[in-house]
Structure formats: C-alpha cells, structure tokens
Amino acid sequence: MRNLLCVLLAIWTFGVNANQRHDYLVTAAADLATLTVLACPRDSTKGLVATTDLAARFLRRAVALPSGRSIRPGTRRLDLSQGERCIEYVVDLAGASKANQRYQRLHRSNRAVAIPHWLWLPDPPGAIPIEVFFELLEEQKVSVPWTELPAQEDGRPHYRIPNSPRSDDGVSVFGRFENCRLRIAGANLRVAAVRGTVAGHPQELFNWVANAAANVATSYGRFPNELAQIILIPSARNAGDREEPVPFGKVIRDGGEAVVFFINQQRRQANFVADWTATHEFAHLLIPYINNDENWISEGLASYYQNVLMARGGTYSAAKAWRKIVQGFKRGEKSVPHLSLQNAMPIGSWDGIMKTYWGGAAIFMMADVELREHSDGADSLDQVLEKLQACCLPSSRSWNGRRFFRKLDQLSTTPVFEQLYERYRDAPGFPDYEAYLRRLGVRLTSRNVKFDRAAPSAAVATAIMAGPHRARVNEPAVCVAPDDQNLATRNAVRAASAALQ
Ligand SMILES: [Zn+2]
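Residues numbered from 1 in each chain as written. Predicted model: local features only at pLDDT ≥ 70, side-chain atom pairs only at ≥ 80, totals over all residues.

> Quick question: what am I supposed to make of the packing of helix α7 (residues 295-312) against helix α10 (residues 350-374) here?
Packed helices, taken two at a time, are described by their axes: the angle between them and the distance between them. Interaxial distance between α7 and α10 falls to 7 Å at its minimum, and their mutual angle equals 70 degrees. What the angle tells us is that α7 and α10 run roughly perpendicular. Here α7 and α10 pass one another in a crossing that is right-handed. On α10, the residues touching Asn295, Trp296, Ile297, Glu299, Gly300, Leu301, Ser303 and Tyr304 of α7 are Thr356, Tyr357, Trp358, Gly359, Gly360, Ala361, Ile363, Phe364 and Met365. Tallied by class, the residues present in the contact of α7 with α10 amount to 10 nonpolar, six polar and one charged. (Axes fitted to C-alpha atoms, helices over the stretch in contact; angles between N-to-C directions. Helix = DSSP H or I, 4+ residues; strand = E, 2+ residues; numbered from the N terminus. Parallel < 35°, antiparallel > 145°, perpendicular 65-115°, else oblique. Left-handed = near helix turned anticlockwise from the far one by under 90°. Contact = placed C-beta atoms within 7 Å. Nonpolar A, V, L, I, M, F, W, Y, C, P; charged D, E, K, R; others polar.)

Encoded structure:
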C-alpha cells in the first residue's frame, strides 16, 4: 500500500490533482478478509465521515498520513489534523459482507458488500468530485455502480461517484466472479454474476438479463440507463434447490443506478426467462426515483408495464398479459377499499401492497389509453417515457409525485397525468378502470380474457401489447472486454439489431 501512497503523493507533487477532486485508492486483500482504503480528500476537508453507524463496527484501524498518527474513530468520523493529507484505513471486508444475511451463501472467492459499510466520505464533500481507483491483484475484479472513467495506463479501474438519489445502500463486489459487460439495446450493462457455494450457469444468466433488457427496450428502442450495474447474488442452498428462480430483486439508487437480483442459480435459462421479476425491476428505471412515501407511482408503472413488456417480448400472449393486468386490478380493488393509494402503502400488509401496486398500475393504464385515444394512436405512454429519458434520466435527485406527473403532462400531446394524480392520490376506493376496459373491449372471463373487436378502442388494446418495437434475442448474450472498444462497438451493433427487429 505504501508504494501506492507514493503514486498518489507524486500526483500531487506534479499538481495534477491539486484541489480538483477527492482521491481514493482501494485494495482488497488476496483472501478478501480486508479492504485497505487510502483516502486523500481535498485540502479543505476536515476528515472523513461514514453514512451508516455500521461502518465504525467494520473499521479495524485508521492512520493519518504523512504523520503516521493512529486515529481513534468517533461513531462516524475520522478527523485529520493540521498538515495531514490522507487517511489510510482497513475494513473488515468479510465481516461487512456477512452483515447482510443474503450474502451468506457466496463462495469465498468473492464478496458482495454494501458500499456505505466501507466507504467513508469527505467531510464536507463540497461540490468537487470523488474519484476512486482500484488496485486489483491478479484475477481480482470489482463491480460498483459508479461512473466508469478510462482505466489508468497501468490498468487500474477508475470511477467517479456521481450525484444520485439514495434509495438504499449501493453494492460492491470484489474477487473472482463473472463480470459481463453486456451490450444490449443501446446499453452497456455491467453485470456481475457472483459465485455461490453451489455452482450455477453464468452464460444462461447473462442470456436472461439480455432478454429482460430487450423486453424493456420495446418501450422506445433502447434500455433506459445505458450504464446500469446489475448484480446477481446466488441464494441456492444445495444442488437441485427448487426455490423459484428469482426470490427477490430490487432497484438501488446510490451513486448511480443498480438492480440486484437474488437468484436460485440452480435454475435454468427457461425458468428465468419465464419469470417477470427482471422485467419489473428494469421497468423501474424508465422513471426517476420518486420519494418513497409515494411509491405507488413507481410500483404502479412497473406492475402495469411488466406485463405489457413481457407480451411485446414474446414471453406472454396479449391475452395473458391483459388477464394478469385485470386480475391485478381486481386484487387491488378488493384490498383496503377504505384507504387511498397514499394511505394504503404505510400499513405494509399484503392488502396494502396490492392496493399500492395495482392502484398505481390502473392509473398508468388509464393514462396510456387516454393518450392513445386522444391522439388517434400518435401518442402513448411509450412516447412520453422516451421524452422523459431524453430530458431527465438518469436523474441525480429524487422527485415528488406531483412534479413528476406535471413533467409527464409537459411531455404529452394531451395532459392526462396530473388530473389522474389529483383525483386518486388521496381518495378512498380504487381508480375507475372498468370504463376503460369496456372501451378497449377487454373482458375477464373465468379462465382468461375475451376481446370484443367491435369495441370503440379495440385497436388501442392491440397496439399496447404490440408496442412500437419488438424484442427478439436469438443469439446468446455477448460479454465484451471493457478495453476492447472496437469489439464493443461491433457487438453493440449486432446486439441492437438482433434485439430490435
Ligand atoms: Zn417494484
């Protein structure tokens, strides 16, 4: 580590770095027991601060440089004194990883860990960027959600931490795992398939991720965040574990956008492709982070669109997608009818969840139908989301619901969103979707849905599931090397043309 310190001090000597950024250099021990971080914040910072109380528990020691003074951490602080420039600290990486129960079935050759457990940030951070270099031992890899910068001449990965809302703790992965840079639908997804104690089938997992990304790209021809970090955490207990393929998935916004899936790596590709979780989670990336107290908006969009996108991708028939949507509405309608969308969420029960997800879904379906009806098919939720991506994504901050719906109206040919928001946000009962289904000619029967082709908006029902783009992934997903830009470009062209025909 000392030689690395010399490198950083040399940078200062030549004045390249002076007061332009906070610099970090991170090294994982060969056995992944510890992580050593050399943090050299800008002159005016008083030290480092942790964003979680747990960080102090995993801190083994800290030394100020160049004085060599040992720092006794406060609960969340590591202070610099006069003349000190850097702090070198060592974190119990194994302990920090095991703090998350879901990371306990990982092979010892790799570790997943919440970033706030090991990253102490400059205090005060100011407006200047934080850049992080990784010194990787042979065969080690790293996955973080941050913005990738060109690697150093010596091959060190180099990142800048972007401004981002914070929905949860960002996740990092260290060690020997399958790291796939997946070029699909105009994106450069950074997919980390973490190794579990039971072996899996990484190529099949990458194929599944590519398939779900292609589903989401049927909305406007490309994936909403071209640099998203995707992490696949294995959860199988033993060979032949029959747990479902994706027991849990979530979007994390913290220093960028990431999607984490906990997967039964014993399952095969067909099981994963049939599962809606990835399409649902990726659909969340179509909109910015909405304040958590209004999460019926984000869950509503994802619940409506997961079915639409699965139909466009060919996994569901149009009838199956409509059936799942209408059955969802019925479940939501029966759940806590005395509460509004806004009040249903905090109760946290299954009923509250059904109301939150499917009440929000009804609002997005109603908006989509109205846009298409008013514009004779020229406008749609797809088009509004495409404009939203162009103006506002990925967003560096969180939005409130009213502002978000107003923005959607600004991007639409007809203002439909804010009036739905105002009408239903605080009203008990359920959004009045029935009249829309009648116009669409979609009727739930005991086992399926029936279409009335003579209904006034029957063409809208067909157009929603057909979509503006069709996804088709015939080729296996191709992982490209990060430094082979020419190959990456060639594969991007191939993958995009294969995915969108
Ligand atoms: Zn969701």
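> In this structure, what is going on with the pairing of strand β2 (residues 34-40)? I would like to understand it.
Successive residues of a regular strand alternate their side chains across the two faces of the sheet. For β2, a buried count of five out of seven residues is recorded, marking the element as mostly surrounded by other parts of the structure. As paired elements, strand β1 (residues 22-28) and β2 share six bridges and run antiparallel to each other. Following the sheet pairing, Leu25 is matched in β2 by Leu38. Here β2 runs beside strand β6 (residues 86-92); their pairing, made up of six bridges, is antiparallel. Within the sheet, the bridge partner assigned to Val37 lies in β6 and is Tyr89. (Buried ≥ 20, exposed ≤ 12 C-beta atoms within 10 Å, placed from the backbone. Pairing = 2+ DSSP bridges.)

> What is the right way to read the domain arrangement of the protein from this model?
A common way to state how big an interface is: give the accessible area lost once the parts meet. Per the domain assignment, the segments making up the protein are domain 1 (2-176), domain 2 (177-285 + 473-501) and domain 3 (286-470). Once you take the C-alpha centre of each, domain 2 and domain 3 turn out to be 25 Å apart. The interface is formed by 23 residues belonging to domain 2 together with 22 residues belonging to domain 3. Sorting the residues of the side of domain 2 that touches domain 3 by element identifies α4 (202-216), α5 (269-274) and α6 (277-284) as the ones contributing at least two each. Split into classes, the residues belonging to the side of domain 2 that touches domain 3 amount to 11 nonpolar, 10 polar and two charged. (Domains from an automatic or database assignment.)

> Is there a simple way to think about helix α13 (residues 417-424) in this case?
Each α-helix winds once per 3.6 residues, and so residues spaced three or four apart point in a common direction. Along α13, the residues classified as buried are Phe417, Tyr421 and Tyr424. The buried side chains of α13 occupy one side of the element, clustering within an arc of 90 degrees when seen end-on. (Arc of directions from axis to C-beta.)

> Quick question: what am I supposed to make of the sheet that holds strand β5 (residues 77-79) here?
Sheets are built from strands that pair by backbone hydrogen bonding, the pairs being arranged parallel or antiparallel. Taken together, three strands build an open sheet; the order of strands is β5-β3-β8 and the sheet is antiparallel. Of all the strands in the sheet, just β5 and β8 (121-123) have a single pairing partner and so form its edges. Across the sheet, the axes of successive neighbouring strands diverge by a mean angle of 30 degrees, strand direction being ignored. With three bridges connecting them, strand β3 (residues 47-49) and β8 associate as antiparallel partners.

> What is the right way to look at the packing of helix α8 (residues 318-334) against α10 in this model?
Between α8 and α10, the shortest axis-to-axis distance is 8 Å and the interhelical angle comes to 130 degrees. In terms of orientation, α8 and α10 fall into the oblique class. Regarding α8 and α10, the two cross each other, and that crossing is left-handed. In contact with Ile325, Gly328, Phe329, Arg331 and Gly332 of α8, α10 contributes Met354, Lys355, Tyr357, Trp358, Gly359, Ala361, Ala362 and Met365. Of the residues contributing to the contact of α8 with α10, the split by class is eight nonpolar, three polar and two charged.

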